[in-house]
Amino acid sequence: QVQLVESGGGLVQPGGSLTLSCAASGSISRLYTMGWYRQAPGKQRELVALTTSGSNTKYADSVKGRFTISRDNAKNTEYLQMNTLKREDTAVYYCNAAGLTSEGPAFGSWGQGTQVTVSP
């Protein structure tokens with residue numbers, strides 16, 4: 001079983017910055033894709049950014065140039081640096097990871113979510 005634990009959410013003013021972290025633990029043999037998603041009230045969950053084991057990255061158009069995803073493979077941890085935050089970035093942010101367990105089967109796991117609120 002693989003667990004993801006997020007941290008770093010909170011309240012920030014428009015134009016401010018936050019960094020989210022997500023640590024994966026458990027029976028992990030290999031991590032492939034790690035990503036961040038968000039869900040605002042009344043909206044569907046959407047992709048914010050993801051990174052592959054080959055360090056390729058993908059971003060939602062709405063966050064390009066403002067958010068940066070990174071990962072520390074030695075720590076099985078990913079980060080989301082969020083700059084120039086806007087009110088519309090307010091949402092619950094979820095981390096996601098996919099890979100192989102030590103026992104062999106593939107896994108896909110979600111974190112519990114962390115609230116990010118952008119407000120004056």
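Conventions adopted
Chains are numbered independently. Their residues run from 1 in the order of the written sequence. It should be noted that, the model being predicted, local features are given only for residues of pLDDT at least 70 and side-chain atom pairs only at 80 or more, the latter also being counted only at that level, while totals for whole chains, interfaces and linings use all residues. Side-chain metrics rest on all non-hydrogen atoms present in the structure, leaving aside hydrogens and water. Helical segments are the DSSP runs of H or I of at least four residues, strand segments are the runs of E of at least two, and each set is numbered from the N terminus. For the purposes of these results, a polar contact is taken to be a pair of N or O atoms within 3.5 Å, where, inside protein, one atom must be able to donate a hydrogen and its partner to accept one; residues adjacent in sequence count only when each atom of the pair is a side-chain atom. Should any heavy atoms of two residues lie within 4.5 Å, those residues are counted as being in contact. For every residue, the accessible area obtained with a 1.4 Å probe (protein chains only) is divided by the maximum for its type, and the residue is called buried under 20%, exposed over 50%, and partly exposed between those limits. Ring pairs shown here join Phe, Tyr and Trp side chains whose ring centres sit within 6.5 Å, with only the six-membered ring taken for Trp; geometry is labelled stacked below 30 degrees between planes, edge-to-face above 60, and tilted in between. Either the NZ atom of lysine or the CZ atom of arginine qualifies as a charge over a ring when it sits within 6 Å of the ring centre and within 35 degrees of the ring normal.

(A) Examining the side chain of Thr-51 more closely. By the secondary structure assignment, Thr-51 is in strand E5 (residues 46–51). A distance of 3.4 Å separates a polar atom in the side chain of Thr-51 from the backbone oxygen of Asn-56. In this view, Thr-51 contacts Tyr-32, Thr-33, Met-34, Asn-56, Thr-57, Ile-69 and Arg-71; residues no more than four positions away in its chain are not counted.

(B) Quick peek at unusual backbone geometry. Of note, Asn-76 is a non-glycine position whose phi angle comes to about 50 degrees, a positive value. Note on Asn-76: relative accessible area 22%, which makes it partly exposed. Positive phi values are uncommon outside glycine, yet Thr-84 reaches one of about 50 degrees. The topology assignment puts Thr-84 in the loop between strand E8 (77–82) and strand E9 (91–101). On the basis of relative accessible area, Thr-84 is assigned to the partly exposed category, the value being 45%.

(C) Highlighting the packing of aromatic side chains. Under the defined criterion, the tally for this structure stands at one aromatic pair. For the ring pair Tyr-37 and Trp-110, a centre distance of 5.0 Å and an interplane angle of 65 degrees mean the geometry is edge-to-face. Taken as a pair, Tyr-37 in strand E4 (residues 28–39) and Trp-110 in strand E10 (residues 106–110) lie far apart in primary sequence, 73 residues in all. The ring of Tyr-94 is capped by Arg-45, whose NZ or CZ atom sits 3.7 Å from the centre of that ring. Taking NZ or CZ as reference, Arg-45 lies 4.7 Å from the ring centre of Trp-110, over its face.

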